[in-house]
Amino acid sequence: MGEQVAMAEDSELTLLDALPVPAMVIGADERVRRINQHAQTLIGMDCTGWHYITALRQPGLLDAVEACLRDGGHRRARFLGSDGARDTTWDVTLTGAVLPSGRAVVLTYQDVTAVEEAGQMRREFIANVSHELRTPLTALLGFVETLRGPARDDAAARDRFLDIMEKEAGRMHRLVEDLLSLSRVEDQERNRPRTAVDVAGVVEGALESLRPMAAERGMTIAWQPPGRRVRVAGDAAQLAQVVTNLVENAIKYGRADSTIDLTLSDPAHETSLRQTGLRLSVTDAGEGIPVHHIARLTERFYRVDSHRSREIGGTGLGLAIVKHIVNRHRGRLRVSSELGQGSTFTVILPAMAPEDAG
């Protein structure tokens, strides 16, 4: 009779192996009765026969197991793991069950790492936007209070404060515009553009508004177009935004009275794209970027020099926008820099075949 009970129980437990998620069963003797392959991979070993405290180790989950063994109820808990490259978070559902040998607890694990990361990104985004808006808003409120009080009849102070208020309001306006632009780009990122775009024409159009800005700092833009017309499947307005953001950064962070080199290559095989592509490169003569900053340049609100960036009107979103536009066009963004020698930002885009480009 006992042998038949054991066989029936083993048959029930075998069903765990068919589940597509990590799962395990802890028996009334507080030992792991069964653990499927997914759970073994998650925990890092086959802990069949181990006491659940030794197998699981995480206090919140241990408390939930103890409670379920006691009353046969349902519980939820978290399990923190690692896939070797990053930490992972798992939502564990604990369900009381009755096996032929007595009460047991079934644990099933659901990976919620992506949800947790999205939540963390949202919290960081809100904190960053709040921080970026707080400073100009505080300044504006302070100047309004001063203009209504001590500086009410001081014309010189009033003009000076109004200039600063205009600057701070402009800073908030740029931030809002960049946030809206980033939101639009992210919404469209999965939809690859199909329209044939003359990249050189886009660059030349953007340069019309950028050259006066460069001239104010005594800078020149040396534009080197390709030997022949090249086209990509793209969104002309977004590609113009890429050119504008990269060249504006070169103007803002390059040395005064220097030259910005802007080049567009002829189509050639690009290993990173595994197809024919072209390169749009913007090189400045600035101070350069320390190597440990380069990997984070396209993060939202990330700045190499926060104080200087705010002083020259940077929002910390320009390169994030560039990255998402380049991703939408199935391209690559490369950054190289040497301290004291300047930086080069290169956008690699898939080129259209002549028959597709028309």
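Because the structure is a prediction, the values reported are computed rather than measured.

Another point: the sheet that holds strand β5 (residues 102-111). Taken together, five strands build an open sheet; the order of strands is β2-β1-β5-β4-β3 and the sheet is antiparallel. Only two strands of the sheet have a single neighbouring strand rather than two, namely β2 (32-35) and β3 (74-82). The mean inter-strand angle of the sheet, taken between neighbouring strand axes irrespective of direction, is 25°. In the sheet, strand β4 (residues 87-99) pairs with β5 via ten bridges, with the strands oriented antiparallel. Looking at the pairing, Leu 99 lines up with Gly 102 of β5.

There is about 310 Å³ of room inside the second largest pocket. Lining the second largest pocket are 13 residues; nearest its centre among them are Met 121, Glu 124, Asn 128, Glu 299 and Arg 300. Looking at the lining of the second largest pocket, the elements with two or more residues in it are α5 (113-148) and α11 (318-328). By residue number, the principal contributor to the lining of the second largest pocket is α5, which donates four residues.

For the rest of this paragraph, the subject is the packing of aromatic side chains. Two numbers describe a pair of aromatic rings. These are the distance of the centres and the angle of the planes. All told, the structure shown has two aromatic pairs when counted by the stated rule. An angle of 90° between the planes, with centres 5.6 Å apart, marks the rings of Phe 79 and Tyr 109 as edge-to-face. Taken together, the positions of Phe 79 in strand β3 and Tyr 109 in strand β5 put the pair 30 residues apart, joining distant regions of the chain. Residue class for Phe 79 comes out buried when judged on its relative accessible area of 5%. The exposure class assigned to Tyr 109 is buried, which follows from its relative accessible area of 2%.

We now examine the nonpolar core. In this structure, Val 203, Ile 221, Leu 246, Val 247, Leu 262, Leu 264 and Val 347 are the most contacted members of the largest nonpolar core, which totals 47 residues. Elements with a minimum of two residues in this core: α6 (155-188), α7 (199-215), β7 (220-224), α8 (236-253), β9 (259-264), β11 (275-283), α11 and β13 (342-350). Of the residues forming this core, the biggest block, eight residues, is contributed by α7. The contact partners of Leu 262, leaving out residues within four places of it in the chain, are Val 203, Leu 207, Ile 221, Ala 222, Trp 223, Gln 224, Val 247, Leu 280, Ser 281 and Val 282. By size, the runner-up hydrophobic cluster in this structure holds 25 residues, among which are Leu 42, Cys 47, Phe 79 and Val 105.

Turning our eyes to something else, we now look at α7. The terminal C-alpha atoms of α7, which comprises 17 residues, lie 24 Å apart, in line with the 24 Å expected from a rise of 1.5 Å per residue. Of all the bends in α7, the largest measures some 40° and sits at Glu 208, one to four residues before the proline Pro 212. Turning to α7, its buried residues number three or more, namely Val 199, Ala 200, Val 202, Val 203, Ala 206, Leu 207, Leu 210 and Ala 214. Buried residues along α7 sit in contact with β6 (196-198), β7, β8 (231-233), α8, β9 and β11. Looking at where α7 begins, the residue whose side-chain oxygen comes 3.3 Å from the main-chain nitrogen of Ala 200 is Asp 198.

Attention now moves to the side chain of Ser 181. Topologically, Ser 181 is positioned in helix α6. On the basis of relative accessibility, which here comes to 6%, the residue Ser 181 falls in the buried class. If we skip the residues at most four places from it in the chain, Ser 181 touches Gln 241 and Ile 321.

The pairing of β9 with β11 spans four bridges and is classified as antiparallel. Paired with Leu 262 across the two strands is Val 282, which belongs to β11. Summarising the sheet, strand β10 (residues 268-270) and β11 pair through three bridges and their orientation is antiparallel. Bridging across to β11, His 269 finds its partner in Thr 276. The loop that links β10 with its antiparallel partner β11 comprises four residues; one of these, Arg 274, has a positive phi angle of about 60°. Inspection of the sheet shows β11 paired to β13 by seven bridges, in the antiparallel sense.

Cut-offs applied
- Residues numbered from 1 in each chain as written.
- Predicted model: local features only at pLDDT ≥ 70, side-chain atom pairs only at ≥ 80, totals over all residues.
- Heavy atoms only, no water.
- Pairing = 2+ DSSP bridges.
- Helix = DSSP H or I, 4+ residues; strand = E, 2+ residues; numbered from the N terminus.
- Axes fitted to C-alpha atoms, helices over the stretch in contact; angles between N-to-C directions.
- 1 Å grid on protein atoms, 1.4 Å probe; cavity = no way out; pocket = protein on both sides within 12 Å on 5 of 7 lines; lining within 4 Å.
- Points joined across faces, edges and corners; volume = space filled by probe spheres on them.
- Phe/Tyr/Trp six-rings, centres within 6.5 Å; stacked < 30°, edge-to-face > 60°.
- Buried < 20%, exposed > 50% of the residue type's maximum accessible area, 1.4 Å probe, protein only.
- Core = buried A, V, L, I, M, F, W, Y, C linked by side-chain atoms within 4.5 Å.
- Contact = heavy atoms within 4.5 Å.
- Expected span 1.5 Å × (residues − 1).
- Bend = angle between axes of the 7 residues up to and from the residue.
- Polar contact = N/O pair within 3.5 Å; in protein donor to acceptor, adjacent residues only side chain to side chain.

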